[in-house]
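# Report on the structure
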Amino acid sequence: KGKCSSAEKEYLYLPKNFSTANENVFETNLASVIDATDASRKLQDFLEARQPKQRENMLLAMALEEMGKNIFENNEGQKELSVSIKATKDEKGWLLRLRDNGRAFNPADWEKLHKDSDPAAHIGIRMISRISTEFTYTNVVGMNNLVVRI
């Protein structure tokens, strides 16, 4: 219970150690920018019930909100956008995975390409990429997957 098979992990682009006990898994789906804000608050409450690291809790919740909003902004007008969120704990701490079926968009590459442009442009991407210890994007089977570790 609470485990993924290796084939599921490969398809979902999850690290080998992404599965964990259900009490350490936060999952939700987003249908709008408002959902990203609500999910951010719920994730912060979820994390605070499991660990006392207030700064890390706040930053992970902020990453969910900022990157979730970014998905909707970059896919404005696209019908049937599906966004799933999963946060789970491993031996290094908490991982946040955002997955969507929108246009391919690598926020890590975007940040590198635009590092000298207007500092206020896409401030969420800039902020999250700089505070994270892991900021990994891949597109597998038409699904964008972003993994963030703070």
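Attention here is on the structure that accompanies the text. (Residues numbered from 1 in each chain as written. Predicted model: local features only at pLDDT ≥ 70, side-chain atom pairs only at ≥ 80, totals over all residues. Heavy atoms only, no water.)

Tallying secondary structure elements over the chain gives 5 helices and 5 strands in all. Secondary structure elements of the chain occur, N-terminal to C-terminal, as α-β-α-α-β-β-α-α-β-β. In the chain, buried positions account for 48% of the 150 residues. Total accessible area on the chain is roughly 8300 Å²; 50% of this is exposed by carbon and sulfur atoms. (Helix = DSSP H or I, 4+ residues; strand = E, 2+ residues; numbered from the N terminus. Buried < 20%, exposed > 50% of the residue type's maximum accessible area, 1.4 Å probe, protein only. Areas by Shrake-Rupley, 256 points an atom, 1.4 Å probe, with all protein chains shown as cover.)

With respect to topology, 5 strands assemble into an open sheet ordered β1-β2-β3-β5-β4, the strand pairing being antiparallel. Two strands in the sheet have a free side with no partner beyond their single neighbour: β1 (25-30) and β4 (134-140). Between one strand axis and the next, the sheet turns through 15° on average, direction left out of account. Here strand β3 (residues 93-100) runs beside strand β5 (residues 143-149); their pairing, made up of 6 bridges, is antiparallel. When the bridges of β5 are listed, Asp100 appears paired with Asn144. Helix α2 (residues 33-48) rests against β1, β2 (83-90) and β3 of the sheet, and its axis sits at about 170° to β1. The strands touched by helix α3 (residues 54-74) are β1, β2, β3, β4 and β5; relative to β3, the strand with the most contacts, the crossing angle is about 10°. (Pairing = 2+ DSSP bridges. Axes fitted to C-alpha atoms, helices over the stretch in contact; angles between N-to-C directions. Contact = heavy atoms within 4.5 Å.)

Grouped together as the largest cluster of nonpolar side chains are 30 residues, with contacts concentrated most on Leu43, Leu96 and Val148. Listing elements by their share of this core, those giving two or more residues are β1, α2, α3, β2, β3, α5 (123-131), β4 and β5. Setting aside anything within four residues of it in sequence, one finds Val148 in contact with Leu60, Ala63, Trp94, Leu95, Leu96, Ile128, Ser132, Glu134 and Phe135. (Core = buried A, V, L, I, M, F, W, Y, C linked by side-chain atoms within 4.5 Å.)

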